[in-house]
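In case you want the letters, here they are:
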Amino acid sequence: MRVLLLKELIILWREGLALVLLVAVPVTLLDDAARLATMIAATCVLFTSLHSIRSDQETGFERYALCMPVFRTELALSRYIVPLLLYAAIAVAYLAAGAVFRPGTLEKLALALLVTGSFDAICLSFMVPLCCRLGASRGGLAAKISIAAVCVALIAFILLAFVTDTREETAALAITLLAAISLTVSVPVSVHMYRRRDF
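This write-up is about the structure you can find in this document.

Cut-offs applied
Residues numbered from 1 in each chain as written. Predicted model: local features only at pLDDT ≥ 70, side-chain atom pairs only at ≥ 80, totals over all residues. Heavy atoms only, no water. Helix = DSSP H or I, 4+ residues; strand = E, 2+ residues; numbered from the N terminus. Contact = heavy atoms within 4.5 Å. Areas by Shrake-Rupley, 256 points an atom, 1.4 Å probe, with all protein chains shown as cover. Core = buried A, V, L, I, M, F, W, Y, C linked by side-chain atoms within 4.5 Å. Buried < 20%, exposed > 50% of the residue type's maximum accessible area, 1.4 Å probe, protein only. 1 Å grid on protein atoms, 1.4 Å probe; cavity = no way out; pocket = protein on both sides within 12 Å on 5 of 7 lines; lining within 4 Å. Points joined across faces, edges and corners; volume = space filled by probe spheres on them. Nonpolar A, V, L, I, M, F, W, Y, C, P; charged D, E, K, R; others polar. Axes fitted to C-alpha atoms, helices over the stretch in contact; angles between N-to-C directions. Parallel < 35°, antiparallel > 145°, perpendicular 65-115°, else oblique. Left-handed = near helix turned anticlockwise from the far one by under 90°. Polar contact = N/O pair within 3.5 Å; in protein donor to acceptor, adjacent residues only side chain to side chain. Expected span 1.5 Å × (residues − 1). Bend = angle between axes of the 7 residues up to and from the residue. Disulfide = S-S within 2.5 Å.

To continue, consider the overall build of the chain. The helix and strand tally for the chain stands at eight helices and zero strands. Walking the chain from its N terminus toward its C terminus, one meets helices and strands in the order α-α-α-α-α-α-α-α. Long-range pairs, those at least 24 residues apart, make up 83% of the contacts in the chain with a sequence separation of at least 6. By element, 72% of the accessible surface of the chain is carried by carbon and sulfur atoms, the whole surface being about 10,800 Å².

Let's shift gears to the nonpolar core. The nonpolar side chains of soluble globular proteins are, as a tendency, buried together. In terms of nonpolar packing, the biggest core is built from 38 residues, with F119 and M127 touching the most fellow members. Counting residues per element, this core draws most heavily on helix α6 (residues 106-134), at 13 residues. Apart from the residues lying within four places of it in its own chain, the contact partners of M127 are L46, S49, L50, I53, A143 and I147.

Let us look at the layout of surface pockets. Estimated volume of the second largest pocket: approximately 210 Å³. Forming the walls of the second largest pocket are I122, F126, V150, A153, L154, F157, A174, I175, L178, I181 and S182. Counting residues per element, the ones that place at least two in the lining of the second largest pocket are α6, α7 (136-163) and α8 (168-196). Sorting elements by how many residues they give to the lining of the second largest pocket places α8 first, with five residues. Residue composition of the lining of the second largest pocket, grouped by class: 10 nonpolar, one polar and no charged.

On to the packing of α6 against α8. Describing two packed helices takes the angle between their axes plus the distance from one axis to the other. Running from N to C, α6 and α8 point in directions that differ by 25°, and their axes come no closer than 8 Å. Classified by the angle between their axes, α6 and α8 sit roughly parallel to one another. Judged by the twist between their axes, the crossing of α6 over α8 is left-handed. A per-class count over the contact of α6 with α8 returns 16 nonpolar, six polar and four charged.

A few words on the side chain of S182. Relative to the helices and strands, S182 is located in helix α8. A residue is classified by how much of its surface remains accessible, and S182, at 16% relative accessible area, is buried. Side chain to side chain, S182 and S125 meet in a polar contact 3.1 Å long. Residues in contact with S182, not counting those within four places in the same chain, are A121, I122 and S125.

The end-to-end C-alpha distance of α8, which contains 29 residues, comes to 42 Å, matching closely the 42 Å that a straight helix rising 1.5 Å per residue would cover. Along α8, the residues classified as buried are A171, A172, I175, A179, S182, L183, S186, S190, V191, M193 and Y194.

Attention now moves to the packing of helix α5 (residues 72-101) against α8. Running from N to C, α5 and α8 point in directions that differ by 140°, and their axes come no closer than 7 Å. Of the two elements, α5 crosses α8, and the hand of that crossing is right-handed. Contacts between α5 and α8 pair R72, T73, L75, A76, L77, R79, Y80 and L84 from the former with L183, S186, V187, S190, V191, Y194 and R195 from the latter. Taken together, the residues that form the contact of α5 with α8 break down as nine nonpolar, three polar and three charged.

In this model α6 runs 41 Å from its N-terminal to its C-terminal C-alpha over 29 residues, within 8% of the 42 Å that 1.5 Å per residue would give. Helix geometry: α6 is bent most strongly at L124, by close to 25°. Positioned one or two residues after α6, G135 has a phi angle of 95°, which is positive.

As enumerated under the stated definition, the model contains zero disulfides in all. Free of any disulfide, C131 has its nearest cysteine sulfur in C132, 8.8 Å distant. In this structure C151 is not part of a disulfide, and its nearest cysteine sulfur, from C123, lies 7.6 Å away. With relative accessibility at 24%, the residue C151 sits in the partly exposed group.

Here S125 lies in helix α6. You can call S125 buried: its relative accessible area is 8%. Remark: the alpha-carbon pair of S125 and S190, spanning 65 residues in sequence, is separated by 8.9 Å. Not counting chain neighbours up to four residues away, the residues in contact with S125 comprise Y80, S182, L183 and S186. Reaching out from S125, the side chain makes a polar contact with the backbone nitrogen of L183 at a distance of 3.5 Å.

Spelled out as structure tokens, the structure:
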């Protein structure tokens, strides 16, 4: 697993995600831009993860990784663990910046991070099995369509919560619960697919 994590870190550095983080963190200092900044971070994490999966399949890294002390289960789990850990690191950086410079908006920022992190988890639940089943090209296209669909559904849910005067905390909790359920279903499916996949 450590080899897979190191590889992902190298790709993230090459893709310039660190630069995105450095640019986006100051945006959280602006009260009205907190939700926008967290959505930018979540989208960057998703598409960087999608690029990593496609790159691994096209270059044959997955086959190479299995020659090392890496199990198929670890390969499948890394598709979830790496992007979620990355988002968690970004969330901590955002919260630290907010706590220092805008402590009054910390609760709003935390809710925004919780919702967009759940958005990432739901999208990963579709993206990883699709890329495994359909391959890099078709799976990538299907994954982008699923991301767009989840994004539209999330916006619709937030608008519905606003119209029905639902508390933000309740809506965030519902989205988080949905993310947990989707991961609970998706992870075993992906592990099963990776175990049976012909590399």
